[in-house]
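Each chain, written out:
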Amino acid sequence: MIAGALTGSLLLNSCYFNSAGHIFDKASYQASSFTRELRSNNNQVVYTDGSDYYVELTRYRIGEPVVTQYNAFSQKETGSEEKLQERGTDVFRIPSDFAMYLTRQAKGPDVPAEMTLVQNGAAIKSSCSTLPIVRDAGKYAEVWQHRSSAAPWLYAAGVLDWLCVDLPITCVENALLITGCAAAIGGEMQSRANSYSSGSSSSGDGGSSYSPPPANMKFAVSTIHRVCN
């Protein structure tokens, strides 16, 4: 009964160590950049090679932060807000009409119809001339899946880290959890058994032998949660 209760509780509430999650997160994550950062008072510029126009924006990782340690019996908060984390900068190709607006050569639009992420941003910046941004841009967000140039190596390192670090630590944590819960349940049931035995002796029924009180899986699982929490 106790073994079954412990197994069921472990499957539902096991500990999990997740250092590899940080490595996988560096390899790839959902990213976003915002035109609201293009401000006339930030000394920002539009880059141009005479035919195309570009701007440089901060790249943010969006989503919930990576958790290193998932604890037993912990519950994920619902409705938690996504977090923005700065992860560098990127260069985007923008429409000419938006570039003209930013440099006060046209009245609009204040947001781009689209932005295109370019991979050789540093080379483009070095080969372009610049125009100062003298108008604030409106609100527009570009969202994409960022993938590091070192992603293949990072994925391989993440798998190795999971095998050599996360899996052994997780096994140890759950073994300790089972041992601790088993000891707690054993002590609880022994205490109940002693109380039951004392009650039977005081009732005057000296001829009857002691029988432990009936118990079931629900009692054992509820005891695990009460003791370990």
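Residues numbered from 1 in each chain as written. Predicted model: local features only at pLDDT ≥ 70, side-chain atom pairs only at ≥ 80, totals over all residues. Heavy atoms only, no water.

What about the overall build of the protein?
Here's step 1: If you tally the helices and strands in the protein, you get 6 helices and 9 strands.
Here's step 2: Residues classed as buried in the protein amount to 33% of the 229 residues present.
Here's step 3: Restricting the contact set of the protein to residue pairs at least 6 apart, pairs at least 24 apart contribute 82%.
Here's step 4: When the accessible surface of the protein is split by element, carbon and sulfur atoms take 54% of a total near 13,600 Å². (Helix = DSSP H or I, 4+ residues; strand = E, 2+ residues; numbered from the N terminus. Buried < 20%, exposed > 50% of the residue type's maximum accessible area, 1.4 Å probe, protein only. Contact = heavy atoms within 4.5 Å. Areas by Shrake-Rupley, 256 points an atom, 1.4 Å probe, with all protein chains shown as cover.)

Considerations on the side chain of Ser28
Here's step 1: Its location among the elements puts Ser28 in strand β2 (residues 28–34).
Here's step 2: Within the structure, the side chain of Ser28 is placed 3.1 Å from the side chain of Gln145, a separation counted as a polar contact.
Here's step 3: Polar contacts involving the side chain of Ser28 include one to the main-chain carbonyl oxygen of His146, which spans 3.2 Å.
Here's step 4: Sequence-distant contacts of Ser28, that is, excluding residues within four places in its chain, are made with Gln145, His146, Arg147 and Tyr155. (Polar contact = N/O pair within 3.5 Å; in protein donor to acceptor, adjacent residues only side chain to side chain.)

Here we look at unusual backbone geometry
Here's step 1: The omega torsion across Gly108 and Pro109 is 5°, close enough to zero to call that bond cis.
Here's step 2: Here Pro109 shows up in the loop between α3 (96–102) and β7 (116–118).
Here's step 3: You will see that Arg104, though not glycine, has its phi angle at about 60°, which is positive.
Here's step 4: On the secondary structure map, Arg104 appears in the loop between α3 and β7.
Here's step 5: Exposure remark for Arg104: the relative accessible area of 54% places this residue in the exposed category.

Examining the nonpolar core
Here's step 1: Core analysis: the biggest nonpolar cluster contains 18 residues, and Leu38, Val46, Val55, Ile94 and Leu102 have the highest contact counts within it.
Here's step 2: Within the residue set of this core, elements represented by two or more residues are β2, β4 (53–63), β6 (83–94) and α3.
Here's step 3: Sorting elements by how many residues they give to this core places α3 first, with 5 residues.
Here's step 4: Beyond its immediate chain neighbours, meaning those up to four positions away, Leu38 contacts Gln44, Val55, Glu56, Leu57, Phe98, Leu102, Ile133, Arg135, Asp136 and Ala137.
Here's step 5: Core analysis: the second largest hydrophobic core is formed by 6 residues, Tyr47, Tyr54, Val91 and Val118 among them. (Core = buried A, V, L, I, M, F, W, Y, C linked by side-chain atoms within 4.5 Å.)

So, the pattern of salt bridges
Here's step 1: Throughout the structure, instances matching the rule amount to 4 salt bridges.
Here's step 2: The partner of Lys125 in a salt bridge is Glu56, with the nearest N and O atoms 2.9 Å apart. Note that Lys125 is positioned in helix α4 (residues 121–127) and Glu56 in strand β4, a separation of 69 residues in sequence.
Here's step 3: Since its relative accessible area comes to 26%, Lys125 is described here as partly exposed.
Here's step 4: The class for Glu56 is partly exposed, based on a relative accessible area of 25%.
Here's step 5: Here Arg59 makes a salt bridge to Asp90, at a shortest N to O gap of 2.6 Å. In this pair, Arg59 is assigned in strand β4 and Asp90 in strand β6, connecting sequence segments 31 residues apart. For the pair shown, Arg59 and Asp90 are each scored as buried. (Salt bridge = Lys/Arg side-chain N within 4 Å of Asp/Glu carboxyl O.)

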